[in-house]
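# An overview of the molecular structure
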Amino acid sequence: MMNSMRPIAPGLSMGDPVEIPPEERLPPDAPLYDRVVEALRTVYDPEIPVNIYEMGLVYKCEVDADGDVRIEMTLTAPGCPVAEEMPGTVERAVEAVAGVRSVSVDIVWEPSWHPGMMSDEARVALDMF
């Protein structure tokens, strides 16, 4: 799978997933799960210049044969200012993937998120090595 991570995304506001250039998108016949993950990588918390997938905020992403997607994710802190908006933003980004029939996004708090959950790419982007 092509890495569509864009770790630095200045000027983002909640509700604006990053647009993936057509030449970098997965092909339409790529597995649906991979295309859903690609969509998750377009969503950023506006205070952190790393996408939610690489930040380790997505705990579970299940895609069934009918195109129903169930996502369990967390936020960096319970008092996160985008807590109310984030599920809708994630839902819209994933709903836009061809082949997705429905999306359910649940915010969970267990286990608590910590920086060790970030990918190596996220740690590099945030100079946390």
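Note: the structure precedes this text.
Residues numbered from 1 in each chain as written. Predicted model: local features only at pLDDT ≥ 70, side-chain atom pairs only at ≥ 80, totals over all residues. Heavy atoms only, no water.

### Re the pairing of strand S2 (residues 68-73)
Across a regular strand the side chains alternate sides, sitting on one face of the sheet and then on the other. The buried count for S2 comes to five of six residues, which makes it a mostly enclosed element. With five bridges joining them, strand S1 (residues 58-63) and S2 adopt antiparallel strand pairing. Across the sheet, Cys61 pairs through a bridge with Ile71, a residue of S2. Two strands pair when backbone bridges link them, and S2 and strand S3 (residues 102-107) are joined in this way by six bridges, in the parallel orientation. (Buried < 20%, exposed > 50% of the residue type's maximum accessible area, 1.4 Å probe, protein only. Helix = DSSP H or I, 4+ residues; strand = E, 2+ residues; numbered from the N terminus. Pairing = 2+ DSSP bridges.)

### Some remarks on the side chain of Ser119
Here Ser119 lies in the loop between S3 and helix H3 (120-125). Within polar-contact distance, the side chain of Ser119 engages the side chain of Glu54 at 2.6 Å. (Polar contact = N/O pair within 3.5 Å; in protein donor to acceptor, adjacent residues only side chain to side chain.)

### Description of the packing of helix H1 (residues 32-40) against helix H2 (residues 86-95)
For the pair H1 and H2, the least separation of the axes is 8 Å and the interaxial angle reads 135 degrees. Comparing their axes, H2 and H1 come out oblique. Handedness of the H1/H2 crossing: right-handed. Between H1 and H2, the residues in contact are Val36, Ala39 and Leu40 and Val90, Ala93 and Val94, respectively. In terms of residue class, the contact of H1 with H2 is built from six nonpolar, no polar and no charged. (Axes fitted to C-alpha atoms, helices over the stretch in contact; angles between N-to-C directions. Parallel < 35°, antiparallel > 145°, perpendicular 65-115°, else oblique. Left-handed = near helix turned anticlockwise from the far one by under 90°. Contact = heavy atoms within 4.5 Å. Nonpolar A, V, L, I, M, F, W, Y, C, P; charged D, E, K, R; others polar.)

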